[in-house]
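# Coordinates in review
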Amino acid sequence: MSEIDAQLSSEVAEQPAAGPVQNELESRRAFLTRTSLLSLAIPGVGAALAACSPTGGASHDSAEQRVGSTTDTGAQGGQPHNSDSRLDSAVLKREHRAATSATGSATQGAAAVAYHRFAPELPPLSGGATQQIHFHAREAPVRIDASTVVAAWTFEGDVPGPIVHTRVGDTVEFTLTNDVDIPHSMDFHAAQIDPKEAFKSVLKNESHTFTFKPRHAGAFLYHCGTAPVLMHLGSGMFGAIIVSPREPMPPAKDFVLVQNEFYFGDAVNGAHPSSFQKMLGMLPDLVCFNGRPNQYVNEPIRVKVGDRVRFWVVSAGPSHPCNFHIVGEQFDTVYLGAPPGNAIRGVQTFSVAPGGGMVYELVCDVPGEFPFVNHGFGHGQRGAIGLLVVEH
Amino acid sequence: MSEIDAQLSSEVAEQPAAGPVQNELESRRAFLTRTSLLSLAIPGVGAALAACSPTGGASHDSAEQRVGSTTDTGAQGGQPHNSDSRLDSAVLKREHRAATSATGSATQGAAAVAYHRFAPELPPLSGGATQQIHFHAREAPVRIDASTVVAAWTFEGDVPGPIVHTRVGDTVEFTLTNDVDIPHSMDFHAAQIDPKEAFKSVLKNESHTFTFKPRHAGAFLYHCGTAPVLMHLGSGMFGAIIVSPREPMPPAKDFVLVQNEFYFGDAVNGAHPSSFQKMLGMLPDLVCFNGRPNQYVNEPIRVKVGDRVRFWVVSAGPSHPCNFHIVGEQFDTVYLGAPPGNAIRGVQTFSVAPGGGMVYELVCDVPGEFPFVNHGFGHGQRGAIGLLVVEH
Amino acid sequence: MSEIDAQLSSEVAEQPAAGPVQNELESRRAFLTRTSLLSLAIPGVGAALAACSPTGGASHDSAEQRVGSTTDTGAQGGQPHNSDSRLDSAVLKREHRAATSATGSATQGAAAVAYHRFAPELPPLSGGATQQIHFHAREAPVRIDASTVVAAWTFEGDVPGPIVHTRVGDTVEFTLTNDVDIPHSMDFHAAQIDPKEAFKSVLKNESHTFTFKPRHAGAFLYHCGTAPVLMHLGSGMFGAIIVSPREPMPPAKDFVLVQNEFYFGDAVNGAHPSSFQKMLGMLPDLVCFNGRPNQYVNEPIRVKVGDRVRFWVVSAGPSHPCNFHIVGEQFDTVYLGAPPGNAIRGVQTFSVAPGGGMVYELVCDVPGEFPFVNHGFGHGQRGAIGLLVVEH
């Protein structure tokens, strides 16, 4: 019995052998016969979620129950492509009344965890032509304000993960080590690479390395691509990789803002887990820049009069755009595609698609306090607001 | 008594002459006095839906009940412009507990209907300077996966309808024949033409022809424009018309992807009708490329290493954008307006507005399996995912 | 005791001194010690809303209760930046079962208020290099169709407020006088100015003046920026300021369309107030161009064959984009940034972000009746449709 089969068997022991579970088990067994498995496709998720629904997956009455019931799609083409996310599905089932991120070490010590502001400054380039990056996939309670701790799935213990800064044509050698039971993976939007291999799911205590050279400058999302992506991305596993063009851009104060949505389930051990059901409902509890509601209202971003300021804005979603706007200011330049090209001028508000990134520039020639917001105010009101203070 | 008046009378016989119905009837009679009627405007829908609501249209408490109660807007300008969709409104009333697409022949034989993959390849140009196209508006059960049949309103029996391919300056001579009780119409976004005449609703067993020459290249939506448009578009009556520029674009493998949302009511005869109420709620059950959830995961789109690949992406909605992204790849070009101009470069994700279309290009110089997704993952997770396989 | 403290004391007298209220009170007192207060930031709102929720703010179960509970964010940086919107918060509490716009004079005389079409024509430039504008913040019942009166918060008694037309480099000297109990303010997206001072909240019977020179041409939103912005913007306090470039654009018939969403609470005195809870739910009751559902269906916009037509489209939101499309037509030009640059060509549909504006042009060389719509039809169906009639 292979290690994976053994894991599967232990899962079985924990599960009543009900019809849908059994069917799912069989189909998962079939997946295991494939030598390579696609990390990012969705089928396989559905049955798990259907199984964890109190009413099963038979009804089409609600969106939540409906999602993913296409797992059993009878493809004419033989072997369905599928996810190797059998383990995370299993975890979701185990937490079957919740399907949340309140797993393993995600809530331990929640009461004691300290708040810290997420530094928005773009870190400098590393210098060399090759940059080695090593992230650990971890579960961790993350305090996002005085009263709220999130039971997060993370890269490096924070939400968002660390800002990566590289340059067109430089080399990124990335290693992911997975510290937890649920498989995780890394999908860099800045990489052009076979995701079946590079972005594959990594099992507990294993590591995986891949290398890429970004071709286009811009503000790119990275995120865990293990199925269900909605759950992994929505539970905190995302961040920004900023790719500078080879020719330097105009000198500026560079900041990185990653917008994300939080969808909370009932608190466990004082930490609020992310709820897959609420993610499917797409009405977020909070919408944040860099993982904390209103953090830059309380502790603003500060620049000097005359500074050119460049915001590298990434919309992690999982589902909504960021309608980026600065109160009292206008962007002289928004780069819709790779900077320093693809620019439009004289813009009050422009949307970054979920899963996308754009670069916004302005010259701060007026001193004052300028709120930056998601001007879709049903979202902005949920925490997607900060302050840019321009001082003499 | 005219034919239309006769139809109207037969409707009356089926309906209890309750207050709102009677009022609506009178206002519908007023519409009939107009010699030409606008197919696409909305008023007239509201009263029908209010009448089919269990609680009537008096309350403003819920969005669903509220929509369309503006029918009785007291316009100062005399005769209100209105829809000739009196018949479909009647049908909606007849199905008054549901207001779904489970009409007439939409569910017949659902259990026996076979699944087929929707071919995404852009068909070649027809060759001549004039192309004649003849579509039938039909109701049909359409199998979208092993376990799901949709009670669809269709062009030519499938969802989406056939891909039309033409060229700037060529002539499209289009005929719609309506096979069913509900009036239907055709709105080509590629046409510049008086919609009151060209896109008018066609009654059962009648045909209507119009001719147009596209002026701009691009990926355009077509859809039934009969009121309520939300219902007709949302029940399956949409597709893509691709307009190539006169100067050939760079050689590429061309594919067409139409994203749509499904909103299901309770199954009837084994087929899932589209629910108008759920369409108004805008939380879809499924989001698909070319009408089937995850169809290209099961049966991928295949190209060769070195191919330039061009996706003509149309967002049929009815309500949500398509945040198009390819995992492990980047678009070297996205055409925001008519190709071959209006391009931006180096893009990870860009949104196609509902009712819009854009063209995305990449060079597949890396072999592998690349999922393409709606990166708004609350939608992507509902089926808007496929696989692009790049082979040696 | 200062005037503001006196107001605060009277608020206290009306409120039971429950824990959360007391806490909020104390934190509001702290805000008052600051000599200047930021109008636009969000904290402070949350506690008020939590206090007016039947279940308090402790639970994270629903999005509505969750929003704003980050008020008490323990910032490391000392004094939190905050809103001076203590009074409107108080009002929201007073109406604590509703948190609606049905305040003071917003519903008086609702039954008698007359409907009027909102003129969409862009008014001519004023002529001089300096334009003086004086708006009053008022509560008023506004009839938006035969059966619906909105209990609106307004600029100048209408929704939207008056269209402002200026030119790059000209001077706008703006005065806001507040006629009502709730503080209000003005945020012009066309201004580059310190919002802490210029856009500050104005108390009842007070006035505030600021001056700015627009730098970029375009269709810009203006709105009340007093917290909670979602409530003020969503209750009717918005409009368009159109900035023409200094070099004249091609001659055209110029029209201004401002899209907004209405979210209604239970009627009071025959007027439908705006509901903050429903705004947070983001499922609107109506979506309108220039404040009235389908108004230009009933009374179309009329132009002549051969006219170039330019739509200055602003999306007020508060939360959704406007996916602007004209049935039977295409835009030869859409300006994504400041006109006359930043244009794309040959467009069927393009989205204006909430809080944004874009300019759309077409040549009306075909006579007919062309519906213009929000092609996100879940929204369009709620009233965001009009008619452009092109006549010989």
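The sections below set out a description of the structure shown in this document. (Residues numbered from 1 in each chain as written. Chains lettered and ligands numbered in written order. Predicted model: local features only at pLDDT ≥ 70, side-chain atom pairs only at ≥ 80, totals over all residues. Heavy atoms only, no water.)

Considering all chains together, one arrives at ten cavities of 30 Å³ or more under this definition. Lining the largest cavity are 17 residues, and of these A:G346, A:Q348, C:L336, C:G337 and C:G357 sit closest to its centre. Going through the elements one at a time, β7 (218-223) and β18 (356-363) of chain C are the ones with two or more residues in the lining of the largest cavity. Looking at the lining of the largest cavity residue by residue, the classes come out as ten nonpolar, seven polar and no charged. (1 Å grid on protein atoms, 1.4 Å probe; cavity = no way out; pocket = protein on both sides within 12 Å on 5 of 7 lines; lining within 4 Å. Points joined across faces, edges and corners; volume = space filled by probe spheres on them. Helix = DSSP H or I, 4+ residues; strand = E, 2+ residues; numbered from the N terminus. Nonpolar A, V, L, I, M, F, W, Y, C, P; charged D, E, K, R; others polar.)

The subject of this paragraph is the interface of chain A and chain B. Each partner contributes to the interface: chain A provides 60 residues, whereas chain B provides 56 residues. Summed over both sides, the interface between chain A and chain B buries roughly 4500 Å², with carbon and sulfur atoms accounting for 55% of that surface. Put simply, chain A and chain B have two salt bridges between them. With its nearest N and O atoms 3.1 Å apart, the salt bridge here joins A:R215 to B:D365. Across the contact surface, chain A and chain B share 19 residue pairs in polar contact (both at pLDDT 80 or more). Looking at the side of chain A that touches chain B, the elements that each hand over two or more residues are α4 (63-66), α6 (195-198), β7 (218-223), α7 (229-234), α8 (276-281) and β18 (356-363) of chain A. Classifying every residue of the side of chain A that touches chain B by side-chain character gives 32 nonpolar, 20 polar and eight charged. (Contact = heavy atoms within 4.5 Å. Buried area = accessible area lost by both parts, 1.4 Å probe. Salt bridge = Lys/Arg side-chain N within 4 Å of Asp/Glu carboxyl O. Polar contact = N/O pair within 3.5 Å; in protein donor to acceptor, adjacent residues only side chain to side chain.)

Residue and element names in this part refer to chain A. Across the sheet, five strands lie side by side as β6-β4-β1-β2-β10; this open sheet has mixed pairing. The outermost strands of the open sheet, each flanked by one partner alone, are β6 (207-212) and β10 (272-273). Taken together, the two bridges between strand β2 (residues 148-155) and β10 define a ladder with parallel strand orientation. When the bridges of β10 are listed, V150 appears paired with H272. (Pairing = 2+ DSSP bridges.)

So, about the sheet that holds strand β12 (residues 301-304) of chain A. Residue and element names in this part refer to chain A. On the basis of which strands lie adjacent, the open sheet formed by five strands has the order β12-β20-β19-β14-β17 and mixed pairing. On the outer flanks of this sheet lie β12 and β17 (349-352), each paired with one strand and no other. For this sheet, the mean angle separating the axes of adjacent strands, direction not counted, is 25°. Judged from the four bridges that link them, β12 and strand β20 (residues 385-391) form a sheet pairing that is parallel. Bridge assignment links K304 to a residue of β20, and that residue is E391. (Axes fitted to C-alpha atoms, helices over the stretch in contact; angles between N-to-C directions.)

What follows deals with the side chain of A:T175. All names here are of chain A. Examined against the element boundaries, T175 turns out to sit in strand β4 (residues 171-178). Judged by its relative accessible area of 14%, T175 falls in the buried class. A polar atom in the side chain of T175 sits 2.7 Å from the side chain of T209. The contacts of T175, once residues within four sequence positions are left out, are I133, H134, F135, S207, H208 and T209. (Buried < 20%, exposed > 50% of the residue type's maximum accessible area, 1.4 Å probe, protein only.)

Many authors give the size of an interface as the accessible area that is lost as the parts come together. Listed as interface residues are 59 residues of chain B and, on the opposing side, 56 residues of chain C. For the pair chain B and chain C, the summed buried area comes to about 4600 Å², and 55% of that belongs to carbon and sulfur atoms. Scanning the region where chain B abuts chain C turns up two salt bridges. With a closest N to O distance of 3.0 Å, B:K196 and C:E369 form a salt bridge. Run the count over chain B and chain C and you get 19 residue pairs in polar contact (both at pLDDT 80 or more). Elements that contribute at least two residues to the side of chain B that touches chain C include exactly α4 (63-66), α6 (195-198), β7 (218-223), α7 (229-234), α8 (276-281) and β18 (356-363) of chain B. No other element matches the four residues that β7(B) contributes to the side of chain B that touches chain C.

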